[in-house]
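Chain and residue survey
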Amino acid sequence: MEPDYASYSTTDLEDALRKIDQATYPERTKHIQEELKIRAQTVPTGEKKAEDFDTNEQFYKCPHCEKKIGFFSRTNNSFGRIKHCPHCQQPFESKISAKAATAILIPLVLMNLLVFRPVLESLAFSKFIGTAFVIAVVISASFRFRKLPPQTVN
Ligand SMILES: [Zn+2]
């Protein structure tokens, strides 16, 4: 008898789909896929809303009007996580994107070890200058400006 896939959790269904012998059980495979499709359509609205909110993450640009905000601008160098666009005055959040930081960090660290460090050492500079440079570049390049989620705007 075919298992009652409707009573399975989504994780169980995905697991079943991975493990099933699709050639031997084409009907069951189809049922699992259909059940998964239904689950995908019935995502709780609360969850969906949070995901749907578009933060419009920008790289040194206002997430509202998309005008450029310079790296050395007063807005960018003001304290605090919440900043205001000098063009449209809308508030936005400035945050370090961990994903961006990681993506930049790895090649830079390699470059530092292979290129900067030997050069700096040959010039009798401290090798820490290279490391400090890497950190400064990673931090400034991984900042992202994004719209504030609705619940934080009062
Ligand atoms: Zn703006």
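For clarity, every value in this text was computed on a predicted model and none was experimentally measured. (Residues numbered from 1 in each chain as written. Predicted model: local features only at pLDDT ≥ 70, side-chain atom pairs only at ≥ 80, totals over all residues.)

Summarising the sheet, strand β1 (residues 82-84) and strand β2 (residues 91-96) pair through 3 bridges and their orientation is antiparallel. Looking at the pairing, K83 lines up with F92 of β2. Connecting β1 to the antiparallel partner β2 that follows it, the hairpin turn spans 6 residues, and Q89 within it adopts a positive phi of roughly 65 degrees. (Pairing = 2+ DSSP bridges. Helix = DSSP H or I, 4+ residues; strand = E, 2+ residues; numbered from the N terminus.)

With that out of the way, let us pick up the domain arrangement of the chain. Here the chain is partitioned into domain 1 (5-42) and domain 2 (55-154). Domain 1 and domain 2 are separated by 43 Å when their C-alpha centres are compared. (Domains from an automatic or database assignment.)

This part covers the UniProt feature "transmembrane region" (unreviewed entry) in the chain. As recorded in UniProt, the feature "transmembrane region" (unreviewed entry) lies at residues 100-119 and 125-145. What you have in residues 100-119 is 100% helix and 0% strand, and the ends, taken at the C-alpha atoms, are 27 Å apart. Annotation note: span residues 125-145, helix share 67%, strand share 14%, distance between end C-alpha atoms 35 Å. (UniProt positions renumbered as here; feature names shortened; annotations may be inferred.)

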